[in-house]
Amino acid sequence: IYFLSEKEVTEHCKKNGNLKWVVFQGVVYDVTEYISLHPGGSDIIEPYLGKSIDDPFEEQEHTQSARNLFHDLPKKGIVKGATHNHSDSDTQASE
């Protein structure tokens, strides 16, 4: 799915049963399975559902291991015009 903005991702999540999706570096990820496993607890992620986590993620100085977790999360879309720091194969949304 291509989204025109972060706001469009937020609206899509709300309209579709409060999907547990976040945006990281322009890619929309489904964190449904991961959210309860987050070391800081799900409360850390919940305020960012449907939104970009770029700033809070970088502010917490996450490890490379934390960054690598994104490779295992289902990709649901891309925000057009956003900065993508993943290879093209990493940003292909699953259907």
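What counts, and where the lines are drawn
- Residues numbered from 1 in each chain as written.
- Predicted model: local features only at pLDDT ≥ 70, side-chain atom pairs only at ≥ 80, totals over all residues.
- Heavy atoms only, no water.
- Helix = DSSP H or I, 4+ residues; strand = E, 2+ residues; numbered from the N terminus.
- Buried < 20%, exposed > 50% of the residue type's maximum accessible area, 1.4 Å probe, protein only.
- Contact = heavy atoms within 4.5 Å.
- Areas by Shrake-Rupley, 256 points an atom, 1.4 Å probe, with all protein chains shown as cover.
- Lys, Arg positive; Asp, Glu negative; His and termini not counted.
- Salt bridge = Lys/Arg side-chain N within 4 Å of Asp/Glu carboxyl O.
- Polar contact = N/O pair within 3.5 Å; in protein donor to acceptor, adjacent residues only side chain to side chain.
- Pairing = 2+ DSSP bridges.

**Q** Could you give an account of the overall build of the protein chain, with specific residues and numbers?
**A** When helices and strands are counted, the protein chain shows four helices and four strands. N-terminal to C-terminal, the α/β element order of the protein chain is β-α-β-β-α-α-α-β. In the protein chain, which comprises 95 residues, the proportion classed as buried is 34%. Within the protein chain, counting contacts between residues at least 6 apart in sequence, those at least 24 apart form 61% of the total. Counting only carbon and sulfur atoms, one obtains 48% of the accessible surface of the protein chain, whose full area is about 6,000 Å².

**Q** Can you explain the side chain of Asp30? Please cite residues and give values.
**A** With respect to the helices, strands and loops of the structure, Asp30 is situated in strand S3 (residues 27-30). Of the side chains bearing the opposite charge, Lys76 lies closest to the buried Asp30, which forms no salt bridge; the N-O distance is 4.4 Å. Engagement of the side chain of Asp30 in a polar contact is seen with the side chain of Thr32, the distance being 2.5 Å. Setting aside residues up to four positions removed in sequence, Asp30 forms contacts with Lys20, Trp21, Leu73, Pro74 and Lys76.

**Q** Lay out the sheet that holds strand S2 (residues 21-24) in plain terms, naming residues and giving numbers.
**A** Sheet architecture is open: four strands sit in the order S1-S4-S3-S2, paired in mixed fashion. Single-partner strands in this sheet number two, and they are strand S1 (2-3) and S2. Sheet topology note: the S3/strand S4 (residues 75-79) ladder contains three bridges and is antiparallel. Among the inter-strand pairings, Val28 is bridged to a residue of S4, identified as Gly77.

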